[in-house]
Each structure stands twice: as C-alpha cells, then as structure tokens.
Amino acid sequence: MLTNTRIVTLDTELIKLSDENAALKNKLLDYEDTKQQLTELEKFMGIKKEHADYVLSDPCSIIGYVTNDPFHSFIINKGSDDGIELQDPVVTAEGIVGIISNVSNTYSTVETICSPNLSIGAESSEKKESGIVEGDVTLTADYQCRMIYLEKETTLKEGDLIVTSNSVGIFPQGYLIGSVQSIEPMDSGLSYCAILKPSVDLASLTNVIVITDFAGKEQKDAEN
C-alpha cells in the first residue's frame, strides 16, 4: 500500500517528467523552426546567386493577413526602415508573390498576384506569347490568376510556364509567375485567357523576400 509520502514523491516525479517532456518538445520545435529558416535562407541566397543585379531585403516573415480580403493580402515584418518601398516586388525562390501595397516603418502589406488590382506584363518562357497576368474574383478561392489578351490562335497549353516580361517596370524580366492550367475564351469572345497556377504555394507561405532594386528599374520606372 502506497503511503502519503510515496504518493507525493510520485506526483513530484510525474510533474518533473512532464516539465522535462515539455522542454524537449519546445527544443524540438525550436530546432524545426531554425531548420526551416535555414532552408529558406539558402533559397534566398540562391536568388542572389542567379541574379547578381538584384538588391534584396532580409528574409521577411508573414505576421498576419488583411482582414476580409478575398485576394490573400498579408503583412510582413519589414518596412521602410529596412529599405522597402511601395510597389517593390515580393518573391520567393519559386516565383512572384505580389507587390508591396502599403509601407510602415517596421511592417508592410503585400498584395498578391491573385488581386485584380495588380497587372503584370507576362510571356511564355518558350513560345514568347505575351499578355497581362491579373487576379480574378472567380479564381481567388483556388489561389489562381489568369493571363489575358491571348490571341484566338494561341498555342499555349497546360503546363507551359509563364514569366514576367519587360513590358511593365515593377518586376524584373524573366521571373517565374506560374504554369498554365487551361485555356478559356474571354467574355467578349474576341480573345482568350490562360488560367494560371502560381508557382508559389500562396496558401502555405511563411517567408518572402522583397526585391528593392534591380538592373533597369530606374529606366522602366521612368517609362511608366
């Protein structure tokens, strides 16, 4: 039969084991978080290696989402104090995410490529068919966007990659936007559009980077 003293001792040991278990779990979470941050940093370093002309912000963490915005705008933990300005492009190593739409000293709002307010000059990476990528309210729930103003004779097909063109100065040329999911007629019937799956998984983003400058930006800004 257990004595009261023995019961107290067992309870104390259980509490100690529980605390140790919680501490180990926290260490594991910290390890996984650090591991993910290092993986993201390696990807961002890859961007700089491939594009020596880019001036990049430090990696930015997503700290919240814009309330009641169907186009998935979010807030990052970097702002003007970090050299970020309005309309700077926001990217990951996988592709375009959107642009900076609002800037404070220490945080910024990002408008994603799902938004119809954002128009991106785009072209096929192989066939050089061009158009404009924009968001659409009928596509945003699936985190998709579309490339409009395609000719009826378009040769684009499912799986074709779409990149930024040099027709709009906000984004550097040749950065991946997404892939073609389908080709559909526009409402007017006079042209077609391509439904795109963004190359970035916008639903599971945790970190992004901002391109604060790139070769030719000043010239393109002056043209626009």
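The structure under discussion appears in the preceding block.
A few points on the structure. (Residues numbered from 1 in each chain as written. Predicted model: local features only at pLDDT ≥ 70, side-chain atom pairs only at ≥ 80, totals over all residues. Heavy atoms only, no water.)

1. Quick notes on the overall build of the chain
Here is step 1: Counting its secondary structure elements, the chain contains 2 helices and 13 strands.
Here is step 2: Out of the 224 residues belonging to the chain, those deemed buried represent 40%.
Here is step 3: Summarising the internal contacts of the chain: among those between residues at least 6 apart in sequence, 56% fall at separations of at least 24.
Here is step 4: Taken as a whole, the chain presents about 12700 Å² of accessible surface, with 51% of it coming from carbon and sulfur. (Helix = DSSP H or I, 4+ residues; strand = E, 2+ residues; numbered from the N terminus. Buried < 20%, exposed > 50% of the residue type's maximum accessible area, 1.4 Å probe, protein only. Contact = heavy atoms within 4.5 Å. Areas by Shrake-Rupley, 256 points an atom, 1.4 Å probe, with all protein chains shown as cover.)

2. Quick word on unusual backbone geometry
Here is step 1: In this structure, N68 takes a positive phi of about 60° despite not being glycine.
Here is step 2: Note that N68 resides in the loop between β2 (60-65) and β3 (74-76).
Here is step 3: Here N68 falls in the exposed class, since its relative accessible area comes to 76%.
Here is step 4: The backbone of Y149 shows a phi angle near 70°, a positive value even though the residue is not glycine.
Here is step 5: For Y149, the location among the structural elements is in strand β9 (residues 145-150).
Here is step 6: A relative accessible area of 55% means that Y149 is categorised as exposed.

3. Observations regarding the pairing of strand β7 (residues 119-124)
Consecutive side chains of a regular strand alternate in pointing toward one face of the sheet and then the other.
Here is step 1: Counting buried positions along β7 gives 5 out of 6 residues, so the element sits mostly inside the fold.
Here is step 2: One ladder, built from 5 bridges, connects β7 with strand β8 (residues 130-134); its direction is antiparallel. Considered in β8, the bridge of S119 is made with E134.
Here is step 3: The hairpin turn running from β7 into β8, its antiparallel successor, is 5 residues long, and K128 in that turn takes a positive phi close to 60°.
Here is step 4: Here 3 bridges tie β7 to strand β10 (residues 161-164), and the two strands are oriented antiparallel to one another. Note that in β10 the partner of A122 across the bridge is T164. (Pairing = 2+ DSSP bridges.)

4. Observations concerning the state of the cysteines
In protein structure, a disulfide is the covalent linkage between the sulfur atoms of two cysteines.
Here is step 1: Applying the stated criterion across every chain yields a total of 0 disulfides.
Here is step 2: You can see C145 has no disulfide; the closest cysteine sulfur is in C114, sitting 6.2 Å from it.
Here is step 3: Judged by relative accessible area, C145 falls into the buried class, the value being 0%. (Disulfide = S-S within 2.5 Å.)

5. A few points about the nonpolar core
Here is step 1: The biggest cluster of nonpolar side chains holds 41 residues, and the ones touching the most others in it are I76, V97, V133, M147, I162, I177 and L196.
Here is step 2: Contact partners of I177, with chain neighbours within four places excluded, come to I96, I113, I120, A122, V133, I162, V163, T164, L196, K197, P198 and S199.
Here is step 3: One finds L139, M186, C193 and I195 within the second-largest nonpolar core, a separate group that totals 5 residues. (Core = buried A, V, L, I, M, F, W, Y, C linked by side-chain atoms within 4.5 Å.)

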